[in-house]
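Structural overview
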Amino acid sequence: MSAAPEFELDEQYNYPVPPPGGWTADDLDRLPNLPRHTELIDGSLVFVSPQTKFHLRTMRLLENSLLDQAPDELDVFREFTIRLNKRNRPEPDVLVVPTGVDTGPKETWVKPEDVILAVEVVSEDSVERDHEVKPPKYAAAGIPHFWLVEKNDGLPVAYVYELDPIAKSYALTGIHHGRLKLSVPFCIDIDLTAINKRRPAPSS
């Protein structure tokens, strides 16, 4: 999520007042005038800051590359929430799910059991959430693959994790600079240096 802007809220701004016990996953669809891409973490609303160009271009690179390379039975969603439980509905930057996963005609979330890969692109205001808060929640929900993407010298670096289903925690399987080449959850080959291209060249 993108770096926080420097601003002050108007005195007339009305913060949503949580009910006893905090907000629920259903509240994200019922509360009026919520900012786009609001997340729910432990019953609290998390408002997302405006995107940086790095964040936007990294998401575009990953989304386009995964769409190009995913088998027909898989699909790629961008900035779509996962309903982990009643008090948690985070919004990963990129998701891989089965093609035709039933989210309903008006649903704005998927179930964790339908998520094959969750990707978070880290920015200044999301470091703690993306490093410490979300990964354990995704692991506890059984999401088998997780990527954490950081900025280094202007380029994405991908930290790739796989779920230990017994421990319900993630194990780091690789740190990828320049090129992200994997055999799971399917054959993936992404040129991470292509972040500034409008459309990455097809992998050979």
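About the cut-offs
- Residues numbered from 1 in each chain as written.
- Predicted model: local features only at pLDDT ≥ 70, side-chain atom pairs only at ≥ 80, totals over all residues.
- Heavy atoms only, no water.
- Helix = DSSP H or I, 4+ residues; strand = E, 2+ residues; numbered from the N terminus.
- Buried < 20%, exposed > 50% of the residue type's maximum accessible area, 1.4 Å probe, protein only.
- Contact = heavy atoms within 4.5 Å.
- Core = buried A, V, L, I, M, F, W, Y, C linked by side-chain atoms within 4.5 Å.
- Pairing = 2+ DSSP bridges.
- Axes fitted to C-alpha atoms, helices over the stretch in contact; angles between N-to-C directions.
- Expected span 1.5 Å × (residues − 1).
- Phe/Tyr/Trp six-rings, centres within 6.5 Å; stacked < 30°, edge-to-face > 60°.
- Lys NZ or Arg CZ within 6 Å of the ring centre and 35° of its normal.

**Some points on the overall build of the chain**
Within the chain, the regular secondary structure consists of three helices and 12 strands. In the chain, which comprises 204 residues, the proportion classed as buried is 46%. Considering only contacts in the chain between residues 6 or more positions apart, those separated by 24 or more positions represent 56%.

**Structural notes on the nonpolar core**
Formed by 26 residues in total, the largest nonpolar core has its most connected members in Leu62, Leu66, Val96, Trp147, Leu180 and Ile190. Looking at this core, the elements with two or more residues in it are α2 (53-69), β3 (74-78), β5 (94-98), β7 (117-121), β8 (145-152), β9 (155-164), β11 (179-182) and β12 (188-191). Looking at this core element by element, the count peaks at five residues for α2. Contacts of Ile190, omitting those with residues within four sequence positions, involve Leu61, Leu62, Ser65, Leu66, Gln69, Trp147, Gly178, Arg179 and Leu180. By size, the runner-up hydrophobic cluster in this structure holds 19 residues, among which are Ile82, Leu84, Val115 and Leu163.

**So, the pairing of β12**
In this sheet, β12 lies alongside β11 in antiparallel orientation, the contact comprising four bridges. Along β12, the bridge assignment pairs Leu180 with Ile190. Once β11 ends, the chain turns through five residues before running back antiparallel as β12.

**A short note on the sheet that holds β5**
One open sheet accounts for six strands, arranged β3-β5-β7-β8-β9-β10; its pairing is mixed. One side of each edge strand has no neighbouring strand; the edge strands of this open sheet are β3 and β10 (169-177). In this sheet, adjacent strand axes meet at a mean angle of 20 degrees when their direction is disregarded. Pairing analysis gives five bridges linking β3 to β5, with the strands arranged antiparallel.

**Digging into α2**
An ideal rise of 1.5 Å per residue puts 24 Å on 17 residues; α2 measures up with 24 Å between its terminal C-alpha atoms. Among the residues of α2, those classed as buried are Phe54, His55, Thr58, Met59, Leu61, Leu62, Glu63, Asn64, Ser65 and Leu66. Summarising the contacts, the buried residues of α2 are in contact with β3, β5, β7, β8, β9 and β12.

**Notes on the packing of aromatic side chains**
The final tally for this structure, using the stated rule, is five aromatic pairs. For the cation-ring pair, Arg83 lies above Trp109, with the distance from its terminal atom to the ring centre recorded as 5.4 Å.

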